[in-house]
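Topology and contacts: notes
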Amino acid sequence: MKFDGKRFLEEIDAILGTEFGTTLSSAEEKEMYVALTKAVKRLVLADRKAPAEGKRCAYFSAEFLMGRSIFANLLNLGLLDDARKAFASIGQNLNRFEDVEDAALGNGGLGRLAACYLESAATMGIPLDGYGIRYRYGLFKQTFEDGYQHEEGDDWTKWGDPWGMRVERDSVIVEFADRSVKAVPYDAPVFGYRNGVINNLRLWSSEPVQPFDFSAFNEMKGEHTAEENFAATKICDVLYPNDNTMVGKMLRLRQQYFMVSASLQDIVRGEKRKGHDLRELDRYFCFQLNDTHPVLAIPELLRLLQKEGLSFEEAFALCRKCFNFTNHTIMAEALEKWDALALSDLLPDVYAQIVRCQQQLESDGLDPARCFIIRDNVIHMANLAIYVSAKVNGVARIHTDILKTETFADWYAVYPEKFVNITNGITPRRWLLLNNPELAHEIDLRIGEEWHTDLTQFRRLTPFADEMLPAFRALKRRNKERLAAYIKEHEGVELSPDFIFDVQVKRLHEYKRQLLNALSILYFYFGIKDGEIEEFPPTAFLFGAKAAPGYYNAKAVIKFINEIAKLVNSDEEVSDKMKVVFVQNYNVSYAEKIVCAADISEQISLAGMEASGTSNMKFMLNGTVTLGTMDGANVEICEEAGAENEYIFGATVEEVAAVKRFYCPRELTETNPRLKRAVETLVDGTFPDEKGMLKRLHDSLLSDYQPDRYLVLYDFAEYVRVKEELLRDYGTEEFDRKCLFNICAAGKFSADRSVKEYAELIWNL
Ligand code: 26Q
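This one's a predicted model, so the numbers in the text were calculated from it and none came from an experiment.

What follows concerns the overall build of the protein. Helix and strand counts for the protein stand at 31 helices and 23 strands. In terms of C-alpha radius of gyration, the protein reaches 26 Å, essentially the compact-globule figure of 27 Å for 765 residues. The principal-axis extent of the C-alpha atoms belonging to the protein is close to 80 × 70 × 60 Å. Counting the 765 residues in the protein, one finds 61% classified as buried. Sequence separation of at least 24 residues holds for 77% of the intrachain contacts in the protein that already meet a minimum separation of 6. With an accessible surface of roughly 29200 Å², the protein has 50% of that area assigned to carbon and sulfur atoms. With 92 positive and 118 negative side-chain charges, the protein shows a separation of 3 Å between the mean positions of the two kinds.

What follows is the structure, given as structure tokens:
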């Protein structure tokens, strides 16, 4: 595309004039943002071609954690540098758009994965479109008050949603037993990297079927209408802020049905308009179910197809070809189950289809004691998904193995051919080109730009590793300076870029064991204070994490770490050795700044619990070594980079199973006085605990009933030993070489590879 900077600015100026009555020189930030986005859309969407005929995959997901689109879209359109220059020519800086809100329509890994896959599919020319919910409020904004997490609503469209386009004509009606609501789609373009491909993300918004009736309202008959309107809009009000835990809220069930019913009605109508025979739907469409959240799509499609005249048998056979299911968690508390009575009350026709599936399963001759969809009046959504789907996949090799041998072993025995592994990936455009342009440039200089769309090229970097060390060190240093400045501004804590940046950023969950990290910090701190540790490499311990608002222990860990930070950061005796910062409101945009500035990537979940992890890949791609357990994708990271280039510790999956049988954590604290002292700070008055939160954390580790379920104390000694080794290695040439070898070995973890595997193994595109 030929870009004319002057014309581009004129276009923006014209939009500013017609939309806001202002000009380039006097527009406010948000006016400028809207105008810039619209100008870009005019430039690139004007001659948008209808998508090619042929099969498409619809990615059904309750979450799309897109983050900020402006820079990523400009990058993919090849306009980022041009736009920067154009703005510079009028004395402005494109960075002013760093205040644009993230679209945080997701909680964590699962939602971010969906976003990476959309971008990678567009870049690989794979016809994949996203379908989800346009939440009015995304994941809450987090602040700390007195060390406690506070949540605020996330008004992500505060500056408008200029990438989104309301498509009124594609509205559909979604029916619940008690009311009908209108579903209106908003489409956002998903741009492939410099290839002209534009896929689509369609997010549904709920509205009242009838617009507000003022005359009825005035005649005092309006109460019913007002209530209906309220109930309709409420469905899409807010994203449930839970990650890896299930809350059985009826509103959540409404959201799920709303999203899949709207999407499927839209798709079925589209097929009919094209004159396609619905009996051949599998020639034109397949559906990827992102965990169980959209699994109601199965009974809904059964229902819709029968309404169109197909028999149950015909519809069922089609569903078996069209649906595929990705599992993201083995944690029992995250596997979705719904009360059969509640579901049949809300969605009687959908429930009837689920019952038909259960009957089908029984007539197939499956053992109902092992394989069931409904049992004891509970509907098991994962089982429904497995039974009907053509393919079921886990998200890292170890995770898929656990699905086969444990979580879904009974299903694997019946349908071994359904189960496949597709190891997760991340998009190297956002997670290297965009967030770490200096590193990307150094790589370009050595192996060219082919890697931008083929990350396996990174193997060709290996011969340059040594020669690249000085440049790498220098740019990492600058990234650390930038992060330190940002943290100073936003958290009020001063960090020296000379310190080692030891980073753990991810959702707060007991299985992810932020508590293990926290206890190790106290352990080092006391060691330094007592003189037991004489030398300690200056280290900044950085955390970022949101806790689900109802997750008590997770919130307690935040409070604990904030108290540790207060203690450590105010102690002059250790100020040249350690600092602790828990950044507020960790999100995609914060991650972009952190990932390129980290020296240590903490991936310390209890083995067997983290399905894959994807931040581990982001750090690796940016040249950071992993301090981690043999869990999730860490296993494959070690395999690719060589275990000698990571720092691995802790019980393996096999050991975990064995240890748990006769585990007595108290023995571990009794034989390790300094560890005991660190644990006791939870109850000995070291920290204020007016709510008894820390006390409960203490009990979770040492009470009589199921103490230390995540083996924090069991893995502690080895964790500390390996961490000390890492801190000692830091600064050596050998250590820097490990960082570079991680980059060279990161090729496998491109989402481009992942989506190509989906396309070949699952979608048959
Ligand atoms: C379910 C029911 C009701 C309310 C909430 C939920 C719910 C919401 C989100 C359950 C689970 C999630 C999110 C799960 C998740 O993010 N899993 C992560 O997926 C990543 C991508 O595959 C993996 O890398 C992570 O290991 C996994 O934890």
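Looking now at the nonpolar core. In a soluble, globular protein the nonpolar side chains are often hidden away together inside. Among the nonpolar cores identified, the biggest contains 271 residues, and Phe 287 and Phe 560 are the most heavily contacted of them. The greatest single-element share of this core, amounting to eleven residues, is contributed by helix α20 (residues 514-530). In this view, Phe 287 contacts Ala 58, Phe 60, Leu 264, Ile 267, Leu 281, Leu 301, Cys 322, Phe 323 and Asn 324; residues no more than four positions away in its chain are not counted.

Attention now moves to the site of the ligand. Of all residues adjacent to the ligand, which total 22 residues, the nearest are Asn 244, His 328, Asn 424, Glu 610 and Gly 613. One of the side-chain N or O atoms of Tyr 511 is found 3.2 Å from an oxygen atom in the ligand. Gly 613 has a polar backbone atom sitting 2.8 Å from an oxygen atom of the ligand. Surface burial for the ligand is 98%, taken as the share of its 610 Å² of free accessible area covered by protein chains.

So, about the environment of Ile 173. Summarising the element assignment, Ile 173 is placed in strand β8 (residues 172-175). Since its relative accessible area comes to 34%, Ile 173 is described here as partly exposed. Ile 173 sits 590 residues away from Trp 763 along the chain, and the two C-alpha atoms are 29 Å apart. Ile 173 has contacts with Ser 180, Val 181, Lys 182, Val 209 and Gln 265, leaving out every residue within four places of it along the chain.

Glancing now at the packing of helix α1 (residues 5-20) against helix α2 (residues 29-45). Two measures define how a pair of helices packs: the angle their axes make with one another and the distance between the axes. One way to put it is that α1 packs onto α2 with a least axis distance of 9 Å and a crossing angle of 125 degrees. It follows that α1 is oblique to α2 by the angle criterion. Along this stretch, α1 crosses α2, giving a crossing that reads as right-handed. Of α2, the residues touching α1 (which contributes Phe 8, Glu 11, Ile 12, Ile 15, Leu 16, Glu 19 and Phe 20) are Glu 31, Met 32, Val 34, Ala 35, Leu 36, Lys 38, Ala 39, Val 40, Arg 42 and Leu 43. Partitioning the contact of α1 with α2 into residue classes produces twelve nonpolar, no polar and five charged.

As summarised here, the arrangement of the six strands in space is β20-β19-β18-β21-β22-β23, forming an open sheet in which the pairing is parallel. In the strand order of this sheet, the two ends are held by β20 (578-583) and β23 (647-648), each with one partner. The sheet contact formed by strand β18 (residues 500-505) and strand β19 (residues 539-544) spans six bridges and is parallel. What sits directly across from Val 503, in β19, is Leu 542. Against the sheet, α20 makes contact with β18, β19, β20 and β21 (600-603), and its axis sits at roughly 155 degrees relative to β19, the strand it touches most.

Okay, the pattern of salt bridges next. Here the structure, examined in full by the defined rule, presents 64 salt bridges. Lys 321 is the partner of Asp 282 in a salt bridge, and the nearest nitrogen-oxygen pair spans 3.7 Å. A residue pair is termed long-range when its members are at least 10 positions apart, and Asp 282 in helix α9 (residues 281-284) and Lys 321 in helix α11 (residues 312-322) qualify at 39 residues. Of the charged contacts, one joins Arg 737 and Glu 733 as a salt bridge, the two residues approaching to 3.2 Å between their closest N and O atoms. With Arg 737 and Glu 733 both in helix α30 (residues 733-744) and four residues apart, this pair spans about one turn of that helix.

On to the domain arrangement of the protein, then. Once the domains are mapped, the protein shows domain 1 (5-45), domain 2 (56-424 + 756-763) and domain 3 (428-650 + 711-749). Between the C-alpha centres of domain 1 and domain 3 the distance comes to 40 Å.

Below, the discussion takes up the pairing of β18. Where burial is concerned, most of β18 is hidden: six out of the six residues are buried. Traced from β18 through α20 to β19, the parallel crossover comes out right-handed.

The subject of this paragraph is the environment of Tyr 710. One can find Tyr 710 in the loop between α28 (693-702) and α29 (712-729). For Tyr 710, a relative accessible area of 9% translates into the label buried. Residues Tyr 710 and Lys 512, spaced 198 residues apart in sequence, show a C-alpha to C-alpha distance of 8.6 Å. Discounting chain neighbours no more than four positions away, the residues touching Tyr 710 are Glu 333, Glu 510, Tyr 511, Arg 513, Leu 606 and Met 609.

A few words on the packing of aromatic side chains. Within the structure shown, the criterion is met by 31 aromatic pairs. Considering the side-chain rings of Tyr 387 and Trp 411, the 6.3 Å spacing of their centres and the 45 degrees angle between planes classify their relative orientation as tilted. Taken together, the positions of Tyr 387 in helix α14 (residues 381-388) and Trp 411 in helix α16 (residues 409-414) put the pair 24 residues apart, joining distant regions of the chain. Assessed through its relative accessible area of 2%, Trp 411 is described here as buried. Geometrically, the ring pair formed by Tyr 647 and Phe 735 is tilted, given 6.5 Å between the ring centres and 35 degrees between the ring planes. Placement of Tyr 647 in strand β23 and of Phe 735 in helix α30 is noted, with a sequence separation of 88 residues between them. The class for Phe 735 is buried, based on a relative accessible area of 1%. Chaining the aromatic ring pairs together yields one cluster made of Phe 60, Tyr 131, Phe 285, Phe 287 and Phe 323. A cation over a ring is seen here: Lys 593 above Tyr 486, with NZ or CZ 4.7 Å from the ring centre.

For a regular strand, the rule is simple: side chains alternate between the two faces of the sheet. By the bridge criterion, five bridges tie strand β5 (residues 141-145) to strand β6 (residues 148-152) in an arrangement that is antiparallel. Counted as the bridge partner of Phe 144 is Gln 149 from β6. Hairpin connection between β5 and β6: a loop of two residues separates the two successive antiparallel strands, and Asp 146 in this loop has a positive phi of roughly 55 degrees.

What follows concerns unusual backbone geometry. In this model, Asp 291 sits at a positive phi of 65 degrees, which is unusual for a non-glycine residue. With a relative accessible area of 4%, Asp 291 lands in the buried category. A positive phi angle, near 50 degrees, is found at Asp 376, a position not held by glycine. Residue position: Asp 376 is located in the loop between β14 (374-375) and β15 (378-380).

Time to look at the sheet that holds β14. The strand order β13-β15-β14 describes an open sheet built from three strands, whose pairing is antiparallel. The open sheet has two edge strands with one neighbour each: β13 (337-339) and β14. With two bridges connecting them, β14 and β15 associate as antiparallel partners. The partner of Ile 374 across the bridge, within β15, is Ile 379.

Thresholds, definitions, all that
- Residues numbered from 1 in each chain as written.
- Predicted model: local features only at pLDDT ≥ 70, side-chain atom pairs only at ≥ 80, totals over all residues.
- Heavy atoms only, no water.
- Helix = DSSP H or I, 4+ residues; strand = E, 2+ residues; numbered from the N terminus.
- Rg over C-alpha atoms; globule rule 2.2 N^0.38 Å.
- Buried < 20%, exposed > 50% of the residue type's maximum accessible area, 1.4 Å probe, protein only.
- Contact = heavy atoms within 4.5 Å.
- Areas by Shrake-Rupley, 256 points an atom, 1.4 Å probe, with all protein chains shown as cover.
- Lys, Arg positive; Asp, Glu negative; His and termini not counted.
- Charge placed at Lys NZ, Arg CZ, Asp CG, Glu CD.
- Core = buried A, V, L, I, M, F, W, Y, C linked by side-chain atoms within 4.5 Å.
- Near = heavy atom within 4 Å.
- Polar contact = N/O pair within 3.5 Å; in protein donor to acceptor, adjacent residues only side chain to side chain.
- Axes fitted to C-alpha atoms, helices over the stretch in contact; angles between N-to-C directions.
- Parallel < 35°, antiparallel > 145°, perpendicular 65-115°, else oblique.
- Left-handed = near helix turned anticlockwise from the far one by under 90°.
- Nonpolar A, V, L, I, M, F, W, Y, C, P; charged D, E, K, R; others polar.
- Pairing = 2+ DSSP bridges.
- Salt bridge = Lys/Arg side-chain N within 4 Å of Asp/Glu carboxyl O.
- Domains from an automatic or database assignment.
- Right-handed = clockwise from strand over helix to strand, strands pointing away.
- Phe/Tyr/Trp six-rings, centres within 6.5 Å; stacked < 30°, edge-to-face > 60°.
- Lys NZ or Arg CZ within 6 Å of the ring centre and 35° of its normal.

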